[in-house]
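# Tertiary structure, described
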Amino acid sequence: MRHAMTVTIVAAAIFAVQAAVPADEAKLKAQLPSIFEKAADHYRALLEAMKAHEPDKFPKRFQDGKLVVIPPKDWCSGFFPGSLWYLYEYTKDSFWKDQAVAYTERLIEPLRHDASNHDVGFRTYCSAGNGLRLTGDKRYAEFLHDTSAALRTRFDDKLGLIRSWNSPKKGGGHFGTKYIVIIDNMMNLELLEWDAKNGGDPKSDKIARSQADITDAHHYRPNGSAYHILDYDPDTCRVRAHYSGQGGNVEGTWARGHAWGIYGFTMMYRETRVKRYLERAMSAADYWLDEPNLPEDGISYWDFSFVGEERDISASAVTASALLELQEFAPPSKAAKYRAAAVKMLTAMASPAYFAKQGENGDFLLMHSVGHKPGNSEVNVPLNYADYYFLEALLRFSRLAPLPEASVDCGYAPYRMDDFYWENDHFGMRAYGPVIMEPAPKGQGLVSSGFDLFNKCVPYPVLEKWLHGTEGSYHKNHGKGMDNYKVAAGRGCGGIGALNRDGWFHEKNWKAQRVISKTATEAVFELEYETYTVRGTVTAGTPFMRFDVTPKGEPPARMIGPGLDISAKRQHDGLVKIDLDNGFIANYEPEGVDGKENGSILTAIVLAPGETRPVMASDAEGCIYLMQPLQSFTYWVGAGWTGAGLFRTPDEWYACVRDFAKRLRAAK
Ligand code: GLY
């Protein structure tokens, strides 16, 4: 019993999903009206303060007791109008719309054809883009098509990149560079994607993809962190040099630059559905969230290498907003991690540690941003873009669908025929009951105690609906996953095999089934076979589940163990990893097994560490087994699907299974 408990606890720890604690979300949700009320009060005061400034200016920061304002051509001019649009979006109060219209108007003529640097999207899409979305005003659309055209002029066809800013001709910073491209540039691609999809120039989309592809190829280190500035040689298309720019050193990670990448690649995935962009966004997000130097509240230092120095709330606001979009596209376990992290960051931002009191902080919302520390500029001050991305993140949060109440399920499904099914947020399975052994029309004449697999890409239960047939055929992926695995009379994924004197002995279909317990995160059930009972425990947040097998009476077997069908390996050049020292077999069943492009299937069996080393065996049907002398035993089944995105290659799957098996053994 002690042993069994240890195994359960270890499995939970290995795959502990940082699930958003619904209580945190509920708390933040309850706070939203008062956060927006305070934000509106602050910005009313800021609008009052702006009356003392010329009518073509925009508030940017508050420093040394003074409100610093900027002209339309500053890269930050679009954020204040954008924040006004967000206040209008939340409050629906026409006061904010009037203010947003007035401030957006100030940008239109000065910026319509401005191509002096790459920051066109920041200035025009954050302002007029939101205005267009919320009002449908055609003037904004015309303006945005014009500014897209201006941005396209900065694209070099041979290099495939937009030039961020022009290299200085005489001395000064970046003198001697040839073609500067910065990670921030990812943020300007949303404007181009909008242009291409809304009657603009189709080249806008090609440019945006090219910029994203080359940024993906060159702007990231192997650990997933972003460089800030790259200088390219336009003749050879090679990277000439890396610069730290606003970061602390060239191999360090400037937090806001890294944040622009998370946001930019998430947005590009939304716009194009190019998987590579999603992968980049996730690896960049994982770098941020897994970085040991990230403070507990999720608000980073201005540079990840400058631990203990100023935080940069602007970088965290960008990241929080990006994570809330990324969690919509990420596979379940990652989605939960991103959502929980964003909620934690927003909760911190809304607290007195970062959210200013009325009348302080120049009436900007958030304190503690860093613009350019190496240039000793804008250090630990409020900045208008921190407010903009904070408000955007809050709006995204306010629209989030509630977390599914449960991520596991199990039950009897007589409505299909005679299945018992179980599932968690990674995969689903079923085993066949006695009716299925009967000939048609009642059954289908199938004798099988194998386990069938369902591949999922949503974190909530779907099998009951699939088996009811209320969501169309589960042999087709309608967006939640599908059954493209074949068990038939084989062992499938973890069905049990026994050996006696005469050879293989496989049980028939289960005789009885029982749900033992069910909570939102764990389901326990029992399947009664003629010669043994199997207790299954399926837990949320892990691609593994546990089976405890108890032989009954004097079963006609000497050896017993789980089997894994690898017949598809031979037909489709799949890959199998067998590791008897660590007690596992892992299989990668490549795409095309079902004759279609439906994703590759990953399966595994892992024996709990026992007294004896497992023995490998195989049968004529293409199944391999981990056998041991007949006794009660525990094993684990693992399953994944490339269609869910968490595992993509055989090696990723093998590493995951090996790690799981090793940790089970270490905890013995
Ligand atoms: N795009 C300039 C900055 O992030 O400071």
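Cut-offs and rules
- Residues numbered from 1 in each chain as written.
- Predicted model: local features only at pLDDT ≥ 70, side-chain atom pairs only at ≥ 80, totals over all residues.
- Heavy atoms only, no water.
- Helix = DSSP H or I, 4+ residues; strand = E, 2+ residues; numbered from the N terminus.
- Rg over C-alpha atoms; globule rule 2.2 N^0.38 Å.
- Buried < 20%, exposed > 50% of the residue type's maximum accessible area, 1.4 Å probe, protein only.
- Contact = heavy atoms within 4.5 Å.
- Areas by Shrake-Rupley, 256 points an atom, 1.4 Å probe, with all protein chains shown as cover.
- Lys, Arg positive; Asp, Glu negative; His and termini not counted.
- Charge placed at Lys NZ, Arg CZ, Asp CG, Glu CD.
- Polar contact = N/O pair within 3.5 Å; in protein donor to acceptor, adjacent residues only side chain to side chain.
- Phe/Tyr/Trp six-rings, centres within 6.5 Å; stacked < 30°, edge-to-face > 60°.
- Lys NZ or Arg CZ within 6 Å of the ring centre and 35° of its normal.
- Core = buried A, V, L, I, M, F, W, Y, C linked by side-chain atoms within 4.5 Å.
- Expected span 1.5 Å × (residues − 1).
- Arc of directions from axis to C-beta.
- Near = heavy atom within 4 Å.
- Nonpolar A, V, L, I, M, F, W, Y, C, P; charged D, E, K, R; others polar.
- Pairing = 2+ DSSP bridges.
- Axes fitted to C-alpha atoms, helices over the stretch in contact; angles between N-to-C directions.
- Parallel < 35°, antiparallel > 145°, perpendicular 65-115°, else oblique.
- Left-handed = near helix turned anticlockwise from the far one by under 90°.

What follows is about the overall build of the protein chain. A tally of regular secondary structure across the protein chain gives 16 helices and 27 strands. Computed over its C-alpha atoms, the radius of gyration of the protein chain comes to 29 Å, within 12% of the 26 Å expected for a compact globule of 668 residues. In terms of principal-axis extent, the alpha carbons of the protein chain reach across some 95 × 55 × 50 Å. In the protein chain, which comprises 668 residues, the share counted as buried stands at 57%. At a minimum sequence separation of 6, the contacts of the protein chain that also span at least 24 residues come to 65%. Of the accessible surface of the protein chain, which amounts to about 26,100 Å², a share of 52% is contributed by carbon and sulfur atoms. Each charge class in the protein chain was averaged separately, 77 positive and 84 negative side chains, and the resulting centres sit 1 Å apart.

Before going further, it helps to examine the side chain of arginine 221. By the element assignment, arginine 221 lies in the loop between helix H8 (203-218) and strand E6 (229-232). From its side chain, arginine 221 meets the backbone oxygen of alanine 226 in a polar contact 3.3 Å long. Setting aside residues no more than four positions away along its own chain, arginine 221 makes contact with Ala226, Tyr227, Val250, Glu251, Gly252 and Thr253.

Once that is clear, we can look at the packing of aromatic side chains. What the rule picks out here adds up to 44 aromatic pairs. Between tyrosine 529 and tyrosine 532, the aromatic rings sit 5.4 Å apart at their centres with planes inclined by 45°, giving tilted as the arrangement. Across this residue pair, the class does not change: tyrosine 529 and tyrosine 532 are buried. Grouped by ring-pair contacts, the aromatic residues Trp75, Phe79, Tyr86, Phe122, Trp260, Tyr263, Tyr385, Tyr388 and Tyr389 constitute a single cluster. The ring of tyrosine 227 has arginine 221 sitting right over it, with the charged end atom 4.0 Å from the ring centre. Directly above the ring of tyrosine 301 sits arginine 311, whose terminal nitrogen or CZ lies 5.3 Å from the centroid.

Counting 115 residues, the largest nonpolar core has Trp288, Leu346, Met349, Tyr389 and Phe390 as its most contacted members. Setting aside chain neighbours within four positions, we find tyrosine 389 in contact with Phe79, Phe122, Cys126, Met187, Trp260, Tyr263, Ala317, Val318 and Ser321. The next biggest cluster of nonpolar side chains, apart from the first, holds 41 residues, and it includes Val408, Ala431, Phe451 and Leu527.

Moving on, we get to helix H16 (residues 650-666). The terminal C-alpha atoms of H16 lie 24 Å apart, and with 17 residues this matches the ideal 24 Å at 1.5 Å per residue to within 8%. Residues of H16 that are buried include every one of Pro650, Trp653, Tyr654, Cys656, Val657, Phe660, Ala661, Leu664 and Arg665, and no others. The buried side chains of H16 occupy one side of the element, clustering within an arc of 165° when seen end-on. Away from the buried face of H16 by more than 90 degrees, exposed residues Asp651 and Ala666 are located.

This part covers the environment of glycine 450. For glycine 450, the location among the structural elements is in the loop between strand E12 (427-432) and strand E13 (452-456). Glycine 450 sits in the buried class, given a relative accessible area of 0%. Spatially, the C-alpha atoms of glycine 450 and glycine 495 are 4.3 Å apart, while their sequence positions differ by 45 residues.

Once that is clear, we can look at the site of the ligand. Every residue near the ligand is listed here: Trp75, Asp184, Gln246, Trp254, Arg256 and Trp260. Interatomic distance of 2.7 Å between a side-chain N/O atom of aspartate 184 and a nitrogen atom of the ligand. Between glutamine 246 and the ligand, the recorded distance is 2.7 Å, taken from a side-chain N or O atom to an oxygen atom. Residues belonging to the shell around the ligand are distributed by class as follows: three nonpolar, one polar and two charged.

Further remarks concern the pairing of strand E17 (residues 512-518). Taken together, the six bridges between E17 and strand E18 (residues 522-528) define a ladder with antiparallel strand orientation. Directly across from arginine 514, in E18, lies its bridge partner glutamate 526.

Attention now moves to the environment of glycine 445. Mapped onto the elements, glycine 445 comes out in the loop between E12 and E13. Sequence separation of glycine 445 and proline 434 is 11 residues, and the distance between their C-alpha atoms is 9.7 Å. When sequence neighbours within four positions are dropped, the list of residues in contact with glycine 445 reads Ile436, Met437, Glu438 and Pro439.

Its location among the elements puts leucine 453 in strand E13. Spatially, the C-alpha atom of leucine 453 lies 5.9 Å from that of tyrosine 485, the residues being 32 residues apart in sequence. Not counting residues up to four positions away in its chain, the partners in contact with leucine 453 are Phe427, Gly428, Met429, Asp483, Tyr485, Ile601, Thr603 and Ala639.

On to the packing of helix H7 (residues 189-197) against helix H9 (residues 255-272), then. Following both chains from N to C, one finds H7 and H9 inclined at 10°, their axes separated by 10 Å at the closest point. Taken together, the axes of H7 and H9 are roughly parallel relative to one another. Of the residues in H9, those touching H7 at Leu189, Glu190, Glu193 and Lys197 are Tyr263, Met267, Met268, Arg270, Glu271 and Thr272.

Here we take up the sheet that holds strand E24 (residues 601-607). Whenever strands of a sheet pair, they do so through backbone hydrogen bonds, lying parallel or antiparallel. As summarised here, the arrangement of the eight strands in space is E17-E18-E19-E20-E27-E24-E23-E22, forming an open sheet in which the pairing is antiparallel. With one partner strand each, in any of the chains shown, E17 and strand E22 (575-579) form the two edges of the open sheet. With direction set aside, neighbouring strand axes in the sheet form an average angle of 15°. Direction of pairing for E18 relative to strand E19 (residues 532-539): antiparallel, over a ladder of seven bridges. Across the sheet, residue glutamate 522 finds its bridge partner in E19, namely threonine 539.

Here we take up the packing of helix H10 (residues 275-290) against helix H11 (residues 313-329). Between H10 and H11, whose axes approach to 11 Å, the crossing angle comes to 130°. Between H10 and H11, the crossing angle belongs to the class labelled oblique. For the pair H10 and H11, the sense of crossing is left-handed. Here H10 contributes Leu278, Ala281, Met282, Ala285, Trp288 and Leu289 to the contact with H11, which in turn contributes Ala315, Ser316, Thr319, Leu323, Leu326 and Phe329. When its residues are assigned to classes, the contact of H10 with H11 shows 10 nonpolar, two polar and no charged.

Keep in mind these values describe shape, not function.
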